[in-house]
Each structure stands twice: as C-alpha cells, then as structure tokens.
Amino acid sequence: MQAPLRIERRRFLHLAAAGVGGLVGASVCARSASGRGAAPSNALLTAADLPKGAAPEALVFPHFPTRAHAFVWRNWQLVAPERMAEVLGARKRDILALGRAMGLGQPPRITRDQQRRSYLTVIRRNWHLLPYEQLLTLLGWSAEEMAYTLREDDFFYIKLGSLKPRCAPLRWTPADDVARRRETEMAALMRAVFPAGPATMEEPLFAFVGQLSAAPPDRPAAPAAEPLRYCYSYFALYGDPLLERECDPFPEGYLGRLAACGVNGVWLQGVLHKLAPHPWQPSLSARWRERLENLGRLAARARRQGLKVFLYLNEPRAMPLRFFESRPELKGVVEGDHATLCTSVPAVQQFLVESVAAICRAVPDLGGFFTITGSENLTHCWSHHAGAGCPRCGKRPPADVVAEANRLIQEGISRGVGDGRRERPRLIAWDWGWNDDWTESIVRQLPAEVALMSVSEWSLPIERGGVKSQVGEYSISAVGPGPRARRHWELGRKRGLRTLAKVQAGNTWELSTTPYIPAVANVARHAAALREAGLDGLMLSWTLGGYPSPNLEAVAEAMSGGSAEQALQRVSQRRFGPRLGPPVAAAWEEFSRAFSELPYHGAVLYNGPQQMGPANLLHADPTGYRATMTGFPYDDLAGWRGVYPAGIFAGQLEKVADGFDAALARLRKSVESPGAAVEPAHRRALDAEIRVAEAASIHFRSSACQARFVGARDALRASKTPEEARPHLQALEGLVQTELELARRLHALQTRDSRFGFEASNQYFFVPVDLAEKVLNCRDLLDRWLPAQRRRWGG
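A brief report on the enclosed structure follows. Everything quoted here is computed from the prediction, not taken from an experiment.

1. Topic: the packing of aromatic side chains
With the rule as written, the count across this model stands at 37 aromatic pairs. A ring pair is formed by Phe206 and Phe208, whose centres lie 6.2 Å apart and whose planes are at 45°; its orientation type is tilted. Summarising the burial analysis for this pair, Phe206 and Phe208 share the class buried. An aromatic cluster of three or more residues is present, and its members are Tyr230, Tyr232, Trp267, Phe310, Tyr312, Phe370, Trp430, Trp432, Trp458, Tyr474 and Trp542. The ring of Phe765 has Arg124 lying over it, and the distance from NZ or CZ to the ring centre is 5.2 Å.

2. Topic: the nonpolar core
One finds Phe71, Trp73, Met146, Leu295 and Phe369 to be the most contacted residues of the largest nonpolar core, which totals 234 residues. Sorting elements by how many residues they give to this core places helix α25 (residues 680-718) first, with 15 residues. Apart from the residues lying within four places of it in its own chain, the contact partners of Leu295 are Leu242, Leu268, Val309, Leu311, Ile359, Val363 and Leu366.

3. Side note on the packing of helix α26 (residues 722-752) against helix α27 (residues 768-792)
Where α26 meets α27, the axes come as close as 8 Å, and the angle between the chain directions of the two elements is 165°. By the criterion of interaxial angle, the relationship of α26 to α27 is roughly antiparallel. Viewed along their axes, α26 and α27 form a crossing whose handedness is left-handed. Looking at the contact of α26 with α27 residue by residue, the class counts come to 15 nonpolar, 5 polar and 5 charged.

4. A few points about the pattern of salt bridges
Within this structure, the stated rule accounts for 49 salt bridges. The shortest N-O distance in the salt bridge between Arg303 and Asp365 comes to 3.1 Å. Of this pair, Arg303 sits in helix α14 (residues 288-304) while Asp365 sits in the loop between α15 (346-362) and β7 (368-372), placing them 62 residues apart in sequence. Here Arg415 and Glu411 are joined by a salt bridge, their closest N and O atoms 2.7 Å apart. Of this pair, Arg415 and Glu411 both sit in helix α16 (residues 398-416), separated by 4 residues, roughly a single helical turn. Taken together, the shared-partner salt bridges in this structure form one network comprising Glu553, Glu557, Arg570, Arg574 and Arg575.

5. Considering the side chain of Asn294
Along the polypeptide, Asn294 turns up in helix α14. Asn294 sits in the buried class, given a relative accessible area of 8%. Among all residues touching Asn294, those that are not within four sequence positions of it are Leu242, Leu243 and Arg245.

6. Some details on the layout of surface pockets
Empty space within the largest pocket amounts to approximately 840 Å³. Elements with a minimum of two residues in the lining of the largest pocket: α11 (207-213), α12 (252-260), α21 (564-595) and α25. The leading source of residues in the lining of the largest pocket is α25, at 7 residues. Broken down by class, the residue content of the lining of the largest pocket amounts to 14 nonpolar, 3 polar and 11 charged.

7. Quick word on helix α10 (residues 177-193)
In this model, α10 (17 residues) spans 25 Å end to end at C-alpha, consistent with the 24 Å of a helix rising 1.5 Å per residue. Among the residues of α10, Ala179, Arg182, Glu183, Met186, Ala187, Leu189, Met190 and Val193 are the ones counted as buried. Along the long axis of α10, the arc covered by the buried residues comes to 160°, so they all point the same way. Within α10, the exposed residues directed more than 90 degrees away from the buried face are Arg181, Thr184, Arg191 and Ala192.

Criteria and cut-off values
Residues numbered from 1 in each chain as written. Predicted model: local features only at pLDDT ≥ 70, side-chain atom pairs only at ≥ 80, totals over all residues. Heavy atoms only, no water. Phe/Tyr/Trp six-rings, centres within 6.5 Å; stacked < 30°, edge-to-face > 60°. Buried < 20%, exposed > 50% of the residue type's maximum accessible area, 1.4 Å probe, protein only. Lys NZ or Arg CZ within 6 Å of the ring centre and 35° of its normal. Core = buried A, V, L, I, M, F, W, Y, C linked by side-chain atoms within 4.5 Å. Helix = DSSP H or I, 4+ residues; strand = E, 2+ residues; numbered from the N terminus. Contact = heavy atoms within 4.5 Å. Axes fitted to C-alpha atoms, helices over the stretch in contact; angles between N-to-C directions. Parallel < 35°, antiparallel > 145°, perpendicular 65-115°, else oblique. Left-handed = near helix turned anticlockwise from the far one by under 90°. Nonpolar A, V, L, I, M, F, W, Y, C, P; charged D, E, K, R; others polar. Salt bridge = Lys/Arg side-chain N within 4 Å of Asp/Glu carboxyl O. 1 Å grid on protein atoms, 1.4 Å probe; cavity = no way out; pocket = protein on both sides within 12 Å on 5 of 7 lines; lining within 4 Å. Points joined across faces, edges and corners; volume = space filled by probe spheres on them. Expected span 1.5 Å × (residues − 1). Arc of directions from axis to C-beta.

In structure tokens:
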C-alpha cells in the first residue's frame, strides 16, 4: 500500500504535465541575462499561450477601495515604483502618492539581488490582481520565462492551483472621494497599529543571506566525521543555480556554518542535458560547460570545508511530444503533452551513461549523486506507474526498469572515474515513490556500489486527538524510524548495500516559514534511534531545512554517541553557554512534547494555512477556491484538515500553540536573572531562539483561529434564527480580533528578523505589508461585515 501522503503528492505532481507541459518546449532551457527563467532567442510564446486552467473569477478584496490600491500595497516592498507605474500606465509620482496616502511611507530600495530572489513571491501576490500580460511587464519577463518558471520551478503552477484566475487589465485612474476617504482611514489605522510604519524593517528582506554568507562565529563545532549527513541550501534559487553565480547557493561562510553544525555534505539539483551535451537537440545544453566549471569550483570549495557535493538526478527528463515527431524510436509513455525518453532504448541508455561519466570526469571533487526514480518528474516509463503504455517497457517488470535506471547511472560513474581519483563518487538510490511491491526486486538488482535510502518515518503509526493515522512523508512531530524504512533497510543489508535515512531535521511542511522548528528533542531522539539502527548516513533536508540550526547540531551529536538528552545539553551549552544552555534544553523538551500534538496528515502538510499563518486572509463569504499545494490556503477548511474533524483539527493546533507559549513563559522566567554574567553573543542567541519559538506558536495559533473562523462563518450562514446566529456572531468577533493581534505580533517579529516567512523553493510566503494587510482585512470585518450581520440577525 502507498502511504496516503505519497498518493496525495503524486496526484498534485501529475497535474504538472497536463497543466503547462506543452508550453515549455525543448528549446526553453537557457537562463535570461537577468539570471531568471528561460530566454531562447526565438520567442515562440505569447501571454495568450500561458496556462489558464479553469480560469475562475479572481477574488475581490473589499478591505481595499480599488484593485489598484491592492496592487500598490502588495508590491510596495518588492517592486520599484517606476515598474508599478509602467504596469498601470501611471507616473512614478502617482504610485508614490498612493502608497503614502495609504500610510505605507517611503518605499524601500529594491536591490537587484532581491529581485532575483523574490520572483515567486511577486507572482503569487499578483495572481488574483493582474492578467498574464501585466504580470510579464511587472517581472520584465518573456512568456517563455514565465512558462519555464511555472513548470520547472518546483512545479510552481501546481502550487498556484493549476489555474489562472480571470483578471481584467488593471489601469490607472485617479482616486475618487470615496477612495480618498478610505485611504485616510487606512493611514490612520496603520499609524495606530504600526507606529514605525507597516513597511519599515529593522532588518531588510533577505538580510539573512549576507549574515549566513559571513564567516561563522568562533565557537566549538559539532562532530563532522562520518556517517554522511547532507542537506540543501537554505536560500538557493531552485531553477538553475549553477548559472546564477551572483546568487551563490553555497558561499564560503555558509559552508563553514554548516560544517560547524556537523553537516558534511550538501546537494543541489542537476539536469543531465544542462550538464552534458544533449545528443538529439544540442540547443538544450547551452552553456553546459559553464555549469560544469561552476560545479567543479563549488565541489572544490566545499571539500576544503570538509563537505561533499551531491547532485540530485531525476532522469531522463521527459520531452514535448513534438520532439518525437522526428525521433519516434525514442518515445515511451505519453503523459499530457510530454513523453518519456524510453530507457529500454539503447540510445537513451547511452545518453545516461555518457552524461554521468562526463560529469564525473569534469568534476573530480564531486561527492556523488542521489536519484529519485518514482514520482516527481516524468522520467522512465514506469516512473508514474503507467509503463504498460510503452511498447517496450510494458513487456518488462516495473522493478527491472527502475533498477536499470539506477544501474545506468552507476555505470556512468564507473566509466568517468580514473584510477588516480581520491574517492569514487557515491550513488544513492532513494526509494521515494517506489511501489512497495516492487522494492524487493529493485533492491536485488541494484549494483553493489549503490546505497539505498528510505524516508525514515514513513508508515509510522500515530494517534492525535483520538484520530489514528500514519506518517506518509516527513515529520518532526513523530519520531521515527517507521516500519517501511526498517523493512527496506533490511532488504538493502541482505543485498550488501549501504543504507541511509532520509529525514527532515530542521523543518518539514508541518511548518516551513520559520528557519527551523525548535522541537529539538524530537530530532535528537530520531537521530539516536537511527544511530542504533546502524545506518551509513542521513539526508537531512529536501529544499527546506538547510538553516544552520541547533537541530542539525543535535543530529550530529546524537549520531556520534550518547543519549538524545546528552546531545541536547551539549548543543545548548555550545550555543547559549553554561548559564542559559540548561533552560533552553528544557524548553526544547517542552516544545517537542507540544509539537507531538500536531494534527499530522498529508492534507494538513500540503494544504493547511500554517505556512502563511496570520498572513492568510479571512473571507466573509466562501471563496469557492480549493487550497493548493504549499501555495494558497484560501478558506478551504475541508481541504486543510485531512482525516481530522474540524473541531479536533483546531483543538490540536491550539494544544501545540499552548504548549509552546507555556514553555516560552518558563524559559523567559528562568533566564530573567541567570545568576552570573552572560556573554552578549549568548544573550543574542537566546533572543533569536525565543523569536523562532514565538513565531512558530503564532503560526499554529493562527491556523487554529482560521479554522474556527471558517467553521463559525459557515455555521452563521446556515443559521435559521437569531438565537442560532448569536453565538456564532460572538465567536466570530473574538476570532477576528485574535487574528488581528497575531498579525501585529508576527509583523513585529518579521520586521526584526528577515528569516521569518521564507522558504527556499517558495521564497517569501509573506512580507510585512501582507501582515499589515491582514490588519486591514480584520478591521474591515469588524467595522463593516460583522455590524451588517448583526443588523441582519437583529442583534
């Protein structure tokens, strides 16, 4: 049986081919001069060709007087005023005057680096405001660049819901008297709630990049010896990092910080036709030598810091159907408007082997590769479990095809490694997406040099709020390993393979928008259990979780020996000193117990509002939109809660927030008078730790509050009498006031700490003006909507 979350994620990802597949032809692979997207010299697409899906009406935001006000507000911290003016057909001074009239103050300086790192954030906030034509103007992109991003940037179109809301063109018109009165009210509210200004930041957006790139502090490091522990960059751009040298995913200082946390490897994604010549369409491989040179430099720099670089391969990548019109002999399974390069064809096998060999020859310091050969992108013919549609692979057992894909990559490694090489690159075969019934046969056919990796906590039984379920992906709220991983590791050992665990040590989709989840005791216990299981290494993170956190240090300590409790004490005293360390370790234990109450389920992880927290708007009327995969939660309570009844879902989130708040109160009290001098660095570290825990609590509290708001709103709509309506009206008023206060508190944290709201593959989920918009949203509900409801019900 496939675990529930794996089925849910696969359902999301398979939509990618149907959504935007044909828009990104084989010629769309090179980066534009701006460092983002694809910019082939022969422009093939227009905005009219971009995917729209069902194209429902865009949402309306009644807390703004007009859509232009919403546009200027949401882009104030991310887009230069002159670019906004160009989009609207206005003058720069019109945009500046409108922003100031709403109380936004002086616009910040938007750096080129910020523009490179925030394009997903810009698209998301304008998705319901602008048609594609104006989105392209706002970004300064071609239609090809947009199409490339929607498909290749971690399935971004899926995260947007596989649809483009229908938006009329937005044009500048001067505000009328009604709008000007509303502007005055908004500005007064901003002065009252945010005296320093809603867009004023003590620490600018992305300041953490510079901080992490600087040399690490001089303090004792965590154990860094084997076994292997590798992670992704906290701030890498997902698309094509080996060309974007200005946005280095692994600067020297950051590598040093990871090494100090006991990390000894890093990974980034690779696409073979970008790293080696494509035999059938060479234009796909433009600048492949440059990428290889940059990869070689990165691997050499990392090795000097004691870290190895691994490439993630998901190969061979599917091609548009038109590619096969002149090459039908290569075509395998068709999905949407793409088809596989069939790995039963000798020419495709040769492409895999020679490409990997070329990479190994060119990058002597490369640590190795890991593969996903099920789910994610469409690759070999059985990768999406539909190989029966291929005239060749349909006659072969699926396990043979999966094993062969890994075997071909291992053959490429063997061919590309010379006798004088210091260390042979490793190949790690990850069992993500494998049908459990295929696994034994796949493992039996893997070459002896290959290591087998399995997600540690999959299939782990859990019970939250009386609801029984099992872990279907990554979890910090549940401590693995689970039965599926143990079974697969045993199969690997019988075959003589090395075995690794895939875990998320820093974050999971349980909460991705704090730099880490401070449930450090759970992480340490999981690592200690994996040490006892005798594993040969850990993959510490997917695209989230690469912050140099106490969680990563706790893994290194627990893997090196001793108990989880001893690991917590060593890490806490190293980071916070002998006076502050013990109370922080006690708080980590309490955070971990509270976090174990989280209502874990696949739907909660991918659909729930916890990534946005109080930045997610409250809607007076049902939107009709379904929550999207780590994108827009909307008001889709049915989609958020998974297997949990609505009341239990909200109640469990409240248990998490209550536990965090209680632990924070005890921690603050215990460090009020530490009894001896505390080094300033330790005090700063404590303040930062408290901010992380407080932000996490706010996210969970807000998620519960939003769930109760949607439930009360819908109950009010279903009421038949004033008596039925009255308790719902009372509940709604309290919930809206709570959300307003949570938005204010998180705004105060984010303006001081640029890490909050950020995750590498989604960039900023929210920025301070979004939290200020939530205040506008709540105030509008309290001043307009709720009084109207009371009049309606005679109260």
